[in-house]
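One-letter residues, chain by chain:
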Amino acid sequence: MKNEPVRSEAVGISEEILRKWEAKGVSRRDFIKFCTTMTATLALPLTFAPKIAAALEDKRLPVIWVEYQSCSGDSEAFLRANQPTAAEIILDIISLEYAEVVMAAAGHQAEKSKWDAMEKYKGKYLLIVEGSIPTGEGGVYCTVGGESAVESAKKLIKNAAATITVGTCASYGGLPAAAPNPTTAVGVRDLVPGATIVNLPGCPVNADNLTATLVHFLTFGKLPAVDAIGRPKFAYGKRIHDNCERRAHFDAGQYAESFDDAGHRQGHCLYKLGCKGPEAFHNCPTIRYNEGLSWPVMAGHGCIGCASPGFWDTMSPFYRRLPQVPGFGVEATADKIGLGLVGATAAAFAVHGVASAFRKGDAMESDKVKVEE
Amino acid sequence: MLEIRYVWEIPVRVTHWVNALAIVVLSITGTFIGFPYLIAGVDGGFAMGWIRFIHFVAAYVLTASMLVRIYWMFAGNHHASWRAFIPWRTTEGRRNFSKMLRYYTFTGKQISYEVGHNPVAAVAYAGVFVLIIIQIVGGFALYAQYNPDGMMAAWTAWILTLIDSQWLRLIHHAIMWLLAGFFINHVYSAALMDIKERNGTLSSIFSGYRFIEPKDL
Ligand code: HEM
Ligand code: SF4
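These remarks concern the structure in this document. Just so we're clear, the structure is a prediction, and the values are computed from it rather than from any experiment.

**Quick look at the overall build of chain A**
Secondary structure summary: chain A contains 18 helices and nine strands in total. For 373 residues, the compact-globule formula gives about 21 Å, and the C-alpha radius of gyration of chain A, at 28 Å, lies well above that figure. Counting across all 373 residues of chain A, residues that qualify as buried make up 52%. Total accessible area computed for chain A in this model is approximately 17000 Å², and 58% of it derives from carbon and sulfur atoms. Side-chain charges in chain A split into 39 positive and 41 negative, and the spacing between the mean points of these groups amounts to 4 Å.

**Observations regarding the overall build of chain B**
Each helix and strand counted, chain B has seven helices and two strands in total. In chain B, the order of α-helices and β-strands from amino to carboxyl end is β-α-α-α-α-α-α-α-β. Overall size of chain B, expressed as C-alpha extent along the three principal axes, is 65 × 40 × 35 Å. Each of the 217 residues in chain B was classed as buried or not, and the buried ones make up 47%. Across chain B, the fraction of contacts at a sequence separation of at least 24, relative to all contacts at a separation of at least 6, is 65%. For chain B, the separation between the mean place of its 16 positive charges and that of its 11 negative charges on side chains is 8 Å.

**Section: the interface of chain B and chain A**
Between chain B and chain A, the contact holds 50 residues from the first and 50 residues from the second. Both sides together, the interface formed by chain B and chain A hides about 4500 Å², and carbon and sulfur atoms give 59% of it. Summed over the shared surface of chain B and chain A, the result is four salt bridges. At the level of secondary structure, the elements contributing two or more residues to the side of chain B that touches chain A comprise helix H1 (10-34), helix H2 (47-75), helix H3 (91-104) and helix H6 (165-197) of chain B. Tallied by class, the residues present in the side of chain B that touches chain A amount to 27 nonpolar, twelve polar and eleven charged.

**With respect to the site of ligand 1**
The environment of ligand 1 is made up of 24 residues, and the closest members are A:Arg321, B:Arg52, B:His55, B:His172 and B:His173. Residue neighbours of ligand 1 fall on chains A and B, so the site bridges chains. Interatomic distance of 2.7 Å between a side-chain N/O atom of B:His55 and a nitrogen atom of ligand 1. In this structure, B:His173 approaches ligand 1 through a side-chain N or O atom, which is 2.6 Å from an oxygen atom. With seven residues, the single largest contributor to the shell around ligand 1 is H1(B).

**As for the sheet that holds strand S2 (residues 94-99) of chain A**
Residues and elements named next belong to chain A. The five strands are arranged S2-S1-S3-S7-S9 in an open sheet whose pairing can be described as parallel. Among the strands making up the open sheet, the edge pair consists of S2 and strand S9 (197-200). Recorded for the sheet is a direction-independent mean angle of 20 degrees between the axes of neighbouring strands. The pairing of strand S3 (residues 126-130) with strand S7 (residues 162-166) spans five bridges and is classified as parallel. Bridge pairing in S7 places isoleucine 128 opposite isoleucine 164. The strands that helix H6 (residues 107-120) touches are strand S1 (61-67) and S2; relative to S2, the one it contacts most, it runs at about 135 degrees.

**Examining the coordination of the iron atom of ligand 1**
Residue and element names in this part refer to chain B. Coordination of the iron atom of ligand 1 by the protein is provided by His55 (NE2) and His172 (NE2), with metal-donor distances spanning 2.1 Å. Its six donor atoms give the iron atom of ligand 1 angles of 84 to 179 degrees at the centre, a pattern that matches the octahedral case. Of the two residues, histidine 55 is situated in helix H2 and histidine 172 in helix H6; the sequence distance between them amounts to 117 residues.

**Regarding the site of ligand 2**
Residue and element names in this part refer to chain A. Lining the immediate environment of ligand 2, one finds 13 residues, of which His241, Cys244, Cys269, Leu270 and Cys275 sit closest. Listed by contribution, the elements that provide at least two residues to the shell around ligand 2 are helix H12 (240-243) and helix H13 (247-252). Of the residues that constitute the shell around ligand 2, the class distribution is nine nonpolar, two polar and two charged.

**Focus: a nonpolar patch on the surface**
All names here are of chain B. A cluster of nonpolar residues, Ile70, Phe74, Trp82, Ile86, Trp88, Ile133, Val137, Trp158 and Leu162, forms a patch on the protein surface that exposes about 900 Å² of accessible area. Elements with a minimum of two residues in the nonpolar patch: H2, helix H4 (119-143) and helix H5 (151-162). Mapping isoleucine 133 onto the fold places it in helix H4. Look at isoleucine 133 and you get partly exposed, because its relative accessible area is 36%.

**Some thoughts on the packing of aromatic side chains**
All names here are of chain B. According to the stated counting rule, one finds 24 aromatic pairs over all chains in the structure shown. Residues phenylalanine 85 and phenylalanine 129 carry aromatic rings whose centres are separated by 5.3 Å and whose planes lie at 80 degrees to one another, so their mutual orientation is edge-to-face. Taken together, the positions of phenylalanine 85 in the loop between H2 and H3 and phenylalanine 129 in helix H4 put the pair 44 residues apart, joining distant regions of the chain. Assessed through its relative accessible area of 8%, phenylalanine 85 is described here as buried. Consider the rings of tyrosine 143 and tyrosine 146, whose centres lie 5.6 Å apart with planes at 40 degrees: the pair is tilted. The exposure class of tyrosine 146 is partly exposed, given its relative accessible area of 43%.

Rules used in this analysis
Residues numbered from 1 in each chain as written. Chains lettered and ligands numbered in written order. Predicted model: local features only at pLDDT ≥ 70, side-chain atom pairs only at ≥ 80, totals over all residues. Heavy atoms only, no water. Helix = DSSP H or I, 4+ residues; strand = E, 2+ residues; numbered from the N terminus. Rg over C-alpha atoms; globule rule 2.2 N^0.38 Å. Buried < 20%, exposed > 50% of the residue type's maximum accessible area, 1.4 Å probe, protein only. Areas by Shrake-Rupley, 256 points an atom, 1.4 Å probe, with all protein chains shown as cover. Lys, Arg positive; Asp, Glu negative; His and termini not counted. Charge placed at Lys NZ, Arg CZ, Asp CG, Glu CD. Contact = heavy atoms within 4.5 Å. Buried area = accessible area lost by both parts, 1.4 Å probe. Salt bridge = Lys/Arg side-chain N within 4 Å of Asp/Glu carboxyl O. Nonpolar A, V, L, I, M, F, W, Y, C, P; charged D, E, K, R; others polar. Near = heavy atom within 4 Å. Polar contact = N/O pair within 3.5 Å; in protein donor to acceptor, adjacent residues only side chain to side chain. Pairing = 2+ DSSP bridges. Axes fitted to C-alpha atoms, helices over the stretch in contact; angles between N-to-C directions. Donors = N, O, S within 2.8 Å, 3.2 Å for Na, K, Ca; no water. Tetrahedral: all angles 85-135°; square planar, octahedral: opposite > 155°, others 65-115°. Patch = residues over 30% accessible without salt bridge, like charges linked within 9 Å, V, L, I, M, F, W, Y side chains within 5 Å. Phe/Tyr/Trp six-rings, centres within 6.5 Å; stacked < 30°, edge-to-face > 60°.

Here's what the structure looks like:
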């Protein structure tokens, strides 16, 4: 990118705000870029950029980030944002009171800081939950400081201003909840129905969507509009398949048949390799991962629908378009079974037909039949 | 005296053939959507685009035809009526149903004498109507996904709260194969009955007329 002078009037962010951020070590270019990126991610008109810039000022939103049955992938995705300024800005406007992956405190000290923060910011803090909550056997499968995830999550959710679930596990149970779900894992919305909550599923959550949700909360004082399963529409309102860069190849009937064929090298559609883009809703094709670097389909692998509830069960096998027919072997597809059914029907009726042809005395109105000369 | 009876009215015959044609088109295009075996050359074209377009046009045709047929279940003659598809409602219907079933399974010699549908066929048609309706409703739920904020999505949202869209796709495939099985059964039985009943069963779906001896009824 060329380094032209950035004119704040272009987006209407005041000089004063820009200077303040400059003093904190965030260049005006980076700050304007952050605000406009957020405006675009939230699908707002550019005129909202100054509003966002103003909202980011001197706010210290207390945030508690807890992890239950998780792999910390969402924490990683957020912290490894390779553009340091975005993380800088967001860490500057929130006050991360508790987050296992980054905090220095440990043991009882850490526990104490969590509950202290809850008491201190009762009804004002934002709760971020990562990982599913196991409800089986009274919740023994996941305990922190002797307290089950069920108990601590309920308390934290009840006292929060709002809850954001990051990743599919916290949203819908995710991998731990995949059949046979040995720990009876659930997502937050099933643990505390009716809580003020926004789900940011994905494996992992896209850091930009989390940042945008935080910015939305700071700017408008409420969570963004969500779809039927609690996902913000700005991030999950469009189908992957409808925004995919390989879509022209789909419509043209050009498909990669294997991961090493000529079609794959030419960027053809991954539909026949089991891509779940036609049933997955996420903004991966437009914002991509790691600051717009890439996303699975761009990298040559089909979508696995990781932001859908129960994706591990419903979206697998990942390299086939349709789920397995329950009760049939691994190699049986719906169509093989269907063909078998049709073949069996045809055979049965052929036999029936031969038998019927040899049948005597069953034809009707025989008294009226006159044989021609 | 053998009579010529007007049994299948125009809406029955027209919707029968429109349904048949639409289902054939939907099955061929649907199979291609599920398994795109013909690969367009490197020059592209719009192969899948057109196939899906034809699928959706045929889907609307089938839907319109089914709506007409359902209307005619209430407006048409008693052979077209919804009552004709539930033969178990009457003792006579129940008797003829088991008579017909015995004939088909070679355990009885007599064919039940009917002006309209034979009772076993009528039950099969009721099942097929249900399958087609599930196929239409499920198909539109899948179709609506291109615009989750649209009206079609709002009308079909309840389906996706009952079942995941992937399982819905599997059902969409399964019903196609069930309809294909029905097609074989249907054509075979119609031909068999045409031969055995000698009352013009096959031609009746073109002309509407069947030959009936009232004394034998
Ligand atoms: C008897 C009637 C029908 C048959 C046999 C049939 C068959 C099929 C089959 C086999 C597929 C492939 C599914 C897959 O692998 O994803 C398909 C796809 C589809 N059908 Fe049907 N279908 C029928 C009626 C309908 C109707 C009434 C609609 C309503 C709009 C519909 C909408 C769709 C849609 C939206 C798809 C997925 C297309 C895509 O994702 O690109 N179908 N159909
Ligand atoms: S790669 Fe996947 S999402 Fe992209 S067009 Fe093909 S099927 Fe759709």
